[in-house]
Amino acid sequence: DQITKNERARQEAMYEIFTSEQTYRKSMETLEKQFLNDNLFLCYLEPDDDEDMPGPEDILGNIDEIMSISKRLVDELRGLYESKVTIDSVAGVLRPYVDHLFSAYITYCSNTSLQQEIITEKRKQDPEFDKFLDGIEKSLVGQNLQSFLIMPMQRICRMPLLLDAVLKKTDEDHPDRQAMETLHKQVCTIVQTCNDEARKSEVRREMASLEKRCDFSKISDSMTSFTGNKTRYIVKEGVVMKLNLKGGFKAIKINIWLFTDCLVIGATLDPKDESKITLTEYCPRQGITVVSHFQPPRNAPKKKLQTENIFHLTLKKAGQLANSKHGRHIIQCPSPQEKQKWLEVLRPPAVESENPDETIYEEWDVPLVKAEHHYSKANEDDLQLPQFLQTQNHQIRNHLPRAKKQR
């Protein structure tokens, strides 16, 4: 039977999913054969008498699982085309992978940045390892170990484009349309999560590196580590000037780090060693207040002030009086644009809920709640609360309206 031009294009787009996965699988087989199955390669990845250094399992992550998924997917897609020129849909084969198996890519992608960095560093520090890899890579037509290891992330990031190509050639009334739209949406979410996890991993390594340069002694009652809290990430960082306008004009260069749960101020106090930073102030996100408008005092040297770049920053610790003068700063940014960026992250807009009985809090601003009565689940996604259980409100905020109805 003849098929329409549009259906031909749709068939080609579906076939591209199969052929590109097949090409990717062959690359993974080359990685396995040339590197992963070589005991000497794995020995080179072992840390040198340092238990804290990552080993082969940390560097390679769940690459075995990733290769197994691709092998299974290729076999199932090949089964669709067995003795067939055209097929009805790829949705049925892809569904379990998107629903369950592709989550393995999130785990792998969260490790790619560390993986690439460690191998680059090992090649620099160990000439024998570098020579060993060069010997293998000469036969790989321009490919190297790191290009193979980054392929899983490239593959999962390509999947939304492949599905989109099928969607564009699938008519609105086609029986496969809804299934492909759902798959495309889910894969886009997976890719976004992969990118987010990769970025978070990179940021956490940056935080660990920054931590080594910082002296926490002045804020040790509140914080002794950036990386101690596994959910903490840098929202924004920068160098600004802290102004003192009492009795003249004084400007001090300071570093500000806004994390997901707190704000930290530091400065280089030793001019002989600018790599060392002394942390001077800590404040939880709930204690931050900003005022965008700055009105200079009458006796202030207006020529030295860039008023459009200045805002007021007040940091208040838990239990501190509202009118306390401690923690009040006049901050001058390098530009009006940078000031605006700081204002946007320091006072994010409130998230409005469609439910008038529900309040949505920022993750750093959730109050503790106490269940004074036992609440039984009425729906599967509800949280069952035993009496006197204390928990973070963001864990139950979507279920509180239902819980109230059960009193």
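Notes on the structure in this doc start here.

Moving on to the overall build of the chain. Counting its regular elements, the chain contains 12 helices and 10 strands. Counting only residues that meet the buried cut, the chain has 41% of its 407 residues in that class. Considering only contacts within the chain whose residues lie at least 6 apart along the sequence, 63% involve residues at least 24 apart. As displayed, the chain has an accessible area near 24100 Å², and 48% of this comes from carbon and sulfur atoms.

Under the counting rule described, the total for this entry stands at 19 salt bridges. With a closest N to O distance of 2.8 Å, Glu-16 and Arg-158 form a salt bridge. Of this pair, Glu-16 sits in helix α1 (residues 5-36) while Arg-158 sits in helix α9 (residues 151-168), and the two are 142 residues apart along the sequence. In this structure Arg-158 comes out as partly exposed when scored by relative accessible area, which is 36%. A salt bridge links Arg-232 to Asp-261; the nearest nitrogen and oxygen atoms lie 2.9 Å apart. Here Arg-232 is found in the loop between β1 (214-215) and β2 (234-244), whereas its partner Asp-261 is found in the loop between β3 (250-259) and β4 (262-267), with 29 residues between them in sequence. Asp-261 carries the same exposure label as Arg-232, and that label is buried. Linked by salt bridges that have partners in common, Arg-25, Glu-29, Lys-71, Asp-75 and Arg-78 make up one network.

This part takes up the packing of helix α6 (residues 103-125) against helix α7 (residues 127-137). Their axes nearest at 5 Å, the elements α6 and α7 cross at an angle of 110 degrees. Regarding the angle of α6 to α7, the classification is roughly perpendicular. Taking contact as the criterion, the partners of Ile-119, Lys-122, Arg-123 and Gln-125 in α6 are, on α7, Pro-127, Phe-129, Asp-130, Leu-133, Asp-134 and Glu-137. Within the contact of α6 with α7, the residues separate by chemical class into 4 nonpolar, 1 polar and 5 charged.

Relative to each other, helix α4 (residues 63-80) and helix α5 (residues 91-101) sit at 160 degrees, their axes nearing to 10 Å. One finds that α4 runs roughly antiparallel with respect to α5. Read as a crossing pair, α4 and α5 show a hand that is right-handed. Across from Ile-69, Arg-72, Leu-73, Glu-76, Leu-77 and Leu-80 in α4, the residues of α5 making contact are Val-93, Leu-94, Tyr-97 and Leu-101. Residue classes in the contact of α4 with α5 are distributed as 8 nonpolar, no polar and 2 charged.

Moving on, we get to the sheet that holds strand β8 (residues 328-332). With mixed pairing, the 8 strands of this open sheet are ordered in space as β1-β5-β4-β3-β2-β8-β7-β6. Two strands lie at the open edges of the sheet, namely β1 and β6 (288-291), each paired on one side alone. Of the pairings in the sheet, the one linking β1 to strand β5 (residues 277-284) comprises 2 bridges and is parallel in character. Opposite Asp-215, over in β5, you have Thr-278 as the bridge partner. Against the sheet, helix α11 (residues 336-346) touches β2, β3, β4, β6 and β7 (310-315), its axis set at about 120 degrees to β2.

Tracing the sequence through the fold places Phe-249 in the loop between β2 and β3. According to the relative accessible area criterion, Phe-249 is partly exposed, its value standing at 28%. The spacing of Phe-249 and Leu-305 is 56 residues in sequence and 9.1 Å in space, taken between C-alpha atoms. When near neighbours in sequence (up to four residues on either side) are disregarded, Phe-249 contacts Leu-243, Asn-244, Pro-301, Lys-304 and Leu-305.

As a further point, take α4. With 18 residues, α4 ought to run about 26 Å at 1.5 Å a step, and its terminal C-alpha atoms sit 26 Å apart, in line with that. Contacts made by the buried residues of α4 are with α1, α3 (56-60), α5, α6 and α9.

Here the structure, examined in full by the defined rule, presents 12 aromatic pairs. On the numbers, 5.0 Å between centres and 65 degrees between planes, the contact of Phe-216 with Phe-226 is edge-to-face. With Phe-216 in the loop between β1 and β2 and Phe-226 in the loop between β1 and β2, the pair connects residues that are 10 residues apart, well separated along the chain. The exposure classification of Phe-216 matches that of Phe-226, with both residues buried. In this structure an aromatic cluster arises from ring pairing among Phe-216, Phe-226, Trp-257 and Phe-259. Seen from the ring of Tyr-233, Arg-204 lies directly overhead, with NZ or CZ sitting 5.6 Å from the centre. Looking at Lys-236, its charged tip hangs above the ring of Trp-342, at a distance of 5.0 Å from the centre.

What counts and how
Residues numbered from 1 in each chain as written. Predicted model: local features only at pLDDT ≥ 70, side-chain atom pairs only at ≥ 80, totals over all residues. Heavy atoms only, no water. Helix = DSSP H or I, 4+ residues; strand = E, 2+ residues; numbered from the N terminus. Buried < 20%, exposed > 50% of the residue type's maximum accessible area, 1.4 Å probe, protein only. Contact = heavy atoms within 4.5 Å. Areas by Shrake-Rupley, 256 points an atom, 1.4 Å probe, with all protein chains shown as cover. Salt bridge = Lys/Arg side-chain N within 4 Å of Asp/Glu carboxyl O. Axes fitted to C-alpha atoms, helices over the stretch in contact; angles between N-to-C directions. Parallel < 35°, antiparallel > 145°, perpendicular 65-115°, else oblique. Nonpolar A, V, L, I, M, F, W, Y, C, P; charged D, E, K, R; others polar. Left-handed = near helix turned anticlockwise from the far one by under 90°. Pairing = 2+ DSSP bridges. Expected span 1.5 Å × (residues − 1). Phe/Tyr/Trp six-rings, centres within 6.5 Å; stacked < 30°, edge-to-face > 60°. Lys NZ or Arg CZ within 6 Å of the ring centre and 35° of its normal.

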